[in-house]
Amino acid sequence: MAAQLNPFRSAFRLPAKQRINWFPGHMTKGMRQIQQKLRTVDCIVEIHDARIPLAGRNSQFFDTITGSGVKPHILVLNKVDLLGPKLQKNVIQQLRRQQPELRHILFTNCKDQRNHGVLDILPLATRLVGESSRFNRTQAVEHNLMIIGVPNVGKSSVINVLRNVHLKRKSAARVGAEAGITRAVGERIKIQENPPVYMIDTPGILQPSVQDDEMGMKLALVGCLPDHIVGEDLIADYLLYWLNSHRRYDYVEKLKLSSGPSDNISAVLAEYAHREELFHKVKQYDGRVEVMTNLLAAARKFIHFFRSGQLGRINLDEPIGFR
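Remember, it's a predicted structure, so these values are computed and weren't measured experimentally.

Chemist: Describe the overall build of the protein chain, and please don't skip the residues or the numbers.
Modeler: Scanning the protein chain for helices and strands turns up 11 helices and eight strands. Counting only residues that meet the buried cut, the protein chain has 52% of its 323 residues in that class. Restricting to contacts in the protein chain with at least 6 residues of sequence separation, those with at least 24 account for 68%. Total accessible area on the protein chain is roughly 16,300 Å²; 49% of this is exposed by carbon and sulfur atoms.

Set out below in structure tokens:
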């Protein structure tokens, strides 16, 4: 019997000549400011999205910041509510294979101030600072923690939650649902009285050049890049590719697709838009106005379903064939 052909794409390829790069001027300025403040920092707290534990983490940049392990380094994987507890063990194994020296990993959900991971950040940081050689800061009573990471992973939210929990004070760092809200290295924000602990918020820093197309698409899918930089239609197409290649077909029921799984994003979005009555008026070249299905609105809904966890708990760095 002949082998059954796989009806889905075996790889995701960007349109010709399109590359995913977003490195605005405030990132260059932020990198310079971060390096200037390192002498006053006792511990690095790296925040990343739990759904992409590997993608987008600039290990060379982090080595520079931590002094190749001289400064304590905690990796906080935020938005764990969208990953789920069953995948956490596999994520830790992936990270340790890629970065064996990475010892301190926490999973957090900043929407829940009682989340164990959130509550563990400060005690762990305090212990690590106490056990480390602080060099020029050995006489300093206060602890300075610097928050770093890619855009839109919850860096400012972590600061605000810790401030609310430990000082019972209102938020001090700006937050938003899109990448690039924090645009400069901020002043110290107190989050604990005894011992005095301060956090320094920083802008999200990406690699200056994203060479791996799939890494760029993963960053875009979780919202680390502004949607308009990549395009919602392309983000939706990558999401469809990823779900099919990992045999995650929950989207068929969610979108109520009559023909089952599909590799054609235009057909998927058209059927969903028609069923949900997502229409818009389009003016034709001859002046006529036609009512057409709104594929962009459908793409945005599809992306929203993923980002809000409605397509299941997902690790985008999970190898194909893992499950």
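Chemist: Account for the packing of helix H6 (residues 213-222) against helix H8 (residues 232-245), naming residues and giving values.
Modeler: Remark: H6 packs on H8, axes separated minimally by 10 Å, with the N-to-C direction vectors making an angle of 105°. What the angle tells us is that H6 and H8 run roughly perpendicular. Contact residues: H6 offers Glu214, Met217, Lys218, Ala220 and Leu221, while H8 offers Leu234, Ile235, Tyr238, Leu239 and Tyr241. Split by residue class, the contact of H6 with H8 holds eight nonpolar, no polar and two charged.

Chemist: Explain the UniProt feature "binding site: GTP" (unreviewed entry) in the protein chain residue by residue, including any values.
Modeler: Taking the UniProt record as the reference, the feature "binding site: GTP" (unreviewed entry) is found at Asn78, Lys79, Val80, Asp81, Asn152, Val153, Gly154, Lys155, Ser156, Ser157 and Gly204. By the secondary structure assignment, Asn78 is in strand S2 (residues 73-78). In this view, Asn78 contacts Ile47, His48, Asp49, Ala50, Thr108, Asn109, Cys110, Val153 and Gly154; residues no more than four positions away in its chain are not counted. Mapped onto the secondary structure, Val153 falls in the loop between strand S4 (143-149) and helix H5 (155-167). Residue Val153 is classed as buried on the basis of its relative accessible area of 0%. Beyond its immediate sequence surroundings of up to four residues, Val153 is in contact with Ile47, His48, Asp49, Asn78, Lys79 and Cys224.

Chemist: So what's going on with the pairing of strand S6 (residues 197-200)? Which residues, and what values?
Modeler: Side-chain alternation along S6 places Val197 and Met199 on one buried face and Tyr198 and Ile200 on a second face that is also buried. Alignment of S4 against S6, held across four bridges, turns out to be parallel. Across the sheet, residue Asn144 finds its bridge partner in S6, namely Tyr198. The pairing of strand S5 (residues 188-192) with S6 spans four bridges and is classified as antiparallel. In the strand pairing of S6, Lys190 is matched with Tyr198. Hairpin remark: S5 followed by S6, antiparallel, with four residues in the connecting loop.

Chemist: Help me get a handle on the pattern of salt bridges, residues and values and all.
Modeler: Taken as a whole and judged by the stated rule, the model has 18 salt bridges. Here Arg9 ties to Asp263 by a salt bridge, and the two come within 3.1 Å at their closest N and O atoms. With a gap of 254 residues between them, Arg9 in the segment before helix H1 (25-37) and Asp263 in the loop between helix H9 (250-255) and helix H10 (265-275) connect regions that are remote in the sequence. Among the salt bridges present, the one from Lys190 reaches Glu193, with a minimum N-O distance of 3.2 Å. The class of Lys190 is partly exposed, set by a relative accessible area of 21%. Taken together, the shared-partner salt bridges connect Asp42, Arg134, Arg137, Glu142 and Arg188 into one network.

Chemist: Give me the lowdown on the pairing of strand S7 (residues 279-283), citing residues and values where you can.
Modeler: Pairing of S7 with strand S8 (residues 289-293) involves five bridges; the strand directions are antiparallel. Among the inter-strand pairings, Val282 is bridged to a residue of S8, identified as Glu290. Remark: five residues form the turn of the hairpin made by S7 and S8, two consecutive strands paired antiparallel; Gly287 in that turn has positive phi of roughly 95°.

Chemist: Describe the nonpolar core, listing the residues and the values that go with them.
Modeler: Nonpolar side chains tend toward joint burial in soluble globular proteins. The biggest cluster of nonpolar side chains holds 70 residues, and the ones touching the most others in it are Leu145, Met217, Tyr251 and Phe302. Here this core takes nine residues from H8, the largest share from any one element. Residue contributions to this core reach at least three from each of two domains, namely domain 1 (25-201) and domain 2 (231-308). Discounting residues that sit within four places of it in the chain, Phe302 has contacts with Ala236, Leu239, Leu240, Leu243, Tyr251, Leu255, Ile265, Leu269 and Leu311. One finds Leu75, Leu87, Ile105 and Phe107 within the second-largest nonpolar core, a separate group that totals 11 residues.

Chemist: Explain helix H11 (residues 295-307) residue by residue, including any values.
Modeler: Between the first and last C-alpha of H11 there are 18 Å, a value that for 13 residues agrees with the 18 Å anticipated at 1.5 Å per step. The set of residues buried in H11 consists of Ala298, Ala299, Phe302, Ile303, Phe305 and Phe306. Seen end-on, H11 carries its buried residues on one side only, within an arc spanning 155°. Of the residues that open H11, the one with a side-chain oxygen 3.3 Å from the backbone nitrogen of Leu296 is Asn294. At the exit of H11 stands Gly309, carrying a positive phi of roughly 80°.

Chemist: Which residues make up the side chain of Arg134, and what values go with them?
Modeler: In this structure, Arg134 sits in the loop between helix H4 (116-131) and S4. Sequence-distant contacts of Arg134, defined by excluding residues within four places in its chain, comprise Asp42, Val129, Ala140, Glu142 and His143.

Chemist: Provide a residue-level description of the confidence of the model for the protein chain, including the pertinent values.
Modeler: Overall, the prediction assigns the protein chain a mean pLDDT of 86, with 85% of residues at 70 or greater. Low pLDDT, under 50, characterises residues 179-184; the predicted model gives this stretch 25 contacts beyond four residues in sequence or across chains.

Here is what the cut-offs are and how they apply
Residues numbered from 1 in each chain as written. Predicted model: local features only at pLDDT ≥ 70, side-chain atom pairs only at ≥ 80, totals over all residues. Heavy atoms only, no water. Helix = DSSP H or I, 4+ residues; strand = E, 2+ residues; numbered from the N terminus. Buried < 20%, exposed > 50% of the residue type's maximum accessible area, 1.4 Å probe, protein only. Contact = heavy atoms within 4.5 Å. Areas by Shrake-Rupley, 256 points an atom, 1.4 Å probe, with all protein chains shown as cover. Axes fitted to C-alpha atoms, helices over the stretch in contact; angles between N-to-C directions. Parallel < 35°, antiparallel > 145°, perpendicular 65-115°, else oblique. Nonpolar A, V, L, I, M, F, W, Y, C, P; charged D, E, K, R; others polar. UniProt positions renumbered as here; feature names shortened; annotations may be inferred. Pairing = 2+ DSSP bridges. Salt bridge = Lys/Arg side-chain N within 4 Å of Asp/Glu carboxyl O. Core = buried A, V, L, I, M, F, W, Y, C linked by side-chain atoms within 4.5 Å. Domains from an automatic or database assignment. Expected span 1.5 Å × (residues − 1). Arc of directions from axis to C-beta. Polar contact = N/O pair within 3.5 Å; in protein donor to acceptor, adjacent residues only side chain to side chain. pLDDT = per-residue confidence, 0-100.

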